[in-house]
Amino acid sequence: MILRPLYTRLDETVVEEIPFRAGDGTRLGLTRVGSGRGDRPAVLLLHGHTASSDMFLQPETRNLVDVLLDEGYEPWLLDWRGSCRLPYNETGRRYTYDDVALYDIPAAVAYIRQQIGERPLFAVAHCIGALSLSMSMTAGLVPGLAGVVAQGVFLTPKLAARTSLKMTMAGELFRSRFDHIPVDFRKVGFWSRYTPLFALASKGASCPDPTCQILSNSAWCVGASLFVHENLSDATHERLAQLLGPAPLWILPHLRRVALARSVVRWNQGDDRYRALPENALDQAGRIDCPVLLVSGSENGMWLDSQKLCHEVLAARQPQLDVRYEEIPGYGHFDTFVGRGAALDVFGHILDFLDAHA
């Protein structure tokens, strides 16, 4: 299996692609970006489901990797099994977020620690990357992180009622016909079994681009919005099908379960291989042993005010934890990292947090 190449303007001499496998042997992607200095704190970047490490490297804007390098940090990028650089959303063995929390993230953290020694290791995680990280942390599988930035969602997933309903309906109606929902209409073509999905996503859309419609106007036909359209540059808008890939429908039952529970819950209840994970991560939040910054756009059309809720719940139930909440005005979900103004409006909050704990 060959990973799709990263799309970046960085000099190839500072980008090291590392052959890497998860704890269960699944081939993943791990990339180290550095300038040769060995004293920099390390930052593990975790993308969301169907995204990839490309979201932190986009060449058309000042991206998060650029900022981290300039400010004295060493970025490490994990393409976990939900990455669109990998084939697993469309082909191969199916998985749940339990696998990400148990096998992908802990293996990456262990490998990075072998390479960096005693240097601090942070994590900056987006969406399902952050949700899965919360399970790893509350299971005690990644102890000793210097700090965590979680964007969009963390321990208390909250979806709009219509999104939860459409997710249930999509799972029931589509799963007999589709394994996944594509996003690139150019690859699907007009005469395709997927055409009705794109037609459904276009209802009420202000943008004529089918890929944008199925992401911004519909979020893979579940009725949510992944970004504020005006926050994207034209170049990023053109690259949406590269930045966000097909969504597997077989993951929806786990996603529905965590949304209904308003907590990150384990899917594999009867499988001893997953006993290391808590049945309910929120119940084990006291095991979090590092500062946490919860970040969300004020216009998050996917996870609503999940991060504000998480901050309130943890403040009440685990007041000893060091947890902060930062809301970014005018931003949605995905655009907090890929928006054309994210370097000015968002990344400063992340850097302030990292600098305070480095």
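Note: the structure precedes this text.
Each value, and the rule that gives it
Residues numbered from 1 in each chain as written. Predicted model: local features only at pLDDT ≥ 70, side-chain atom pairs only at ≥ 80, totals over all residues. Heavy atoms only, no water. Buried < 20%, exposed > 50% of the residue type's maximum accessible area, 1.4 Å probe, protein only. Helix = DSSP H or I, 4+ residues; strand = E, 2+ residues; numbered from the N terminus. Salt bridge = Lys/Arg side-chain N within 4 Å of Asp/Glu carboxyl O. Contact = heavy atoms within 4.5 Å. Disulfide = S-S within 2.5 Å. Arc of directions from axis to C-beta. Polar contact = N/O pair within 3.5 Å; in protein donor to acceptor, adjacent residues only side chain to side chain. Pairing = 2+ DSSP bridges. Right-handed = clockwise from strand over helix to strand, strands pointing away.

Participant: What's the story with helix α10 (residues 252-261) in this structure? I'm lost.
Facilitator: For an α-helix the count is 3.6 residues per turn, leaving residues at separations of three or four pointing the same way. Residues of α10 that are buried: Leu 252, His 254, Leu 255, Arg 256, Val 258 and Ala 259. After α10 finishes, the residue Arg 262 shows a positive phi value of roughly 55°.

Participant: I would appreciate a short explanation of the pattern of salt bridges in the present structure.
Facilitator: As a working rule, side chains carrying opposite charge can pair if their charged atoms are close by. With the rule as written, the count across this model stands at 17 salt bridges. Two residues, Asp 271 and Arg 273, come together in a salt bridge whose shortest N-O distance is 2.6 Å.

Participant: Even after reading the chapter, I still don't get the environment of Tyr 274, so can you show me in this structure?
Facilitator: Within the secondary structure, Tyr 274 is located in the loop between α10 and β9 (292-297). Spatially, the C-alpha atoms of Tyr 274 and Ala 247 are 24 Å apart, while their sequence positions differ by 27 residues. Sequence-distant contacts of Tyr 274, that is, excluding residues within four places in its chain, are made with Asp 98, Asp 99, Leu 102, Tyr 103, Arg 266 and Asn 268.

Participant: Got a minute to help me understand the state of the cysteines in this structure?
Facilitator: A disulfide bridge is the covalent bond that connects two cysteines by way of their sulfur atoms. Under the counting rule described, the total for this entry stands at zero disulfides. Cys 84 supplies the cysteine sulfur nearest to Cys 127, a cysteine that is in no disulfide, at a spacing of 13 Å. Looking at Cys 310, it has no disulfide partner, and the nearest cysteine sulfur is the one in Cys 290, 13 Å off. Accessibility expressed as a relative area gives 1% for Cys 310, which makes it buried.

Participant: Would you explain helix α14 (residues 347-357) in this entry?
Facilitator: Burial in α14 covers these residues: Phe 347, Ile 350, Leu 351, Phe 353 and Leu 354. Projected down its long axis, α14 carries its buried residues within an arc of 160°, all on one side. In α14, the exposed positions angled more than 90 degrees off the buried face are occupied by Asp 352 and Ala 356.

Participant: I would appreciate a short explanation of the side chain of Asn 231 in the present structure.
Facilitator: Along the chain, Asn 231 turns up in the loop between α7 (210-217) and α8 (234-238). Reaching out from Asn 231, the side chain makes a polar contact with the backbone oxygen of Gly 330 at a distance of 3.0 Å. The contact partners of Asn 231, leaving out residues within four places of it in the chain, are Gly 330, Tyr 331, Asp 335, Gly 339 and Arg 340.

Participant: What should I look at first to understand the pairing of strand β3 (residues 42-46) in this one?
Facilitator: Two faces, one strand: in a regular strand the side chains alternate between the faces of the sheet. With five of five residues buried, β3 lies mostly within the body of the structure. Sheet topology note: the β3/strand β4 (residues 74-79) ladder contains five bridges and is parallel. Looking at the pairing, Ala 42 lines up with Glu 74 of β4. After leaving β3, the chain enters helix α1 (residues 64-70) and then returns to the sheet as β4, a path that is right-handed.

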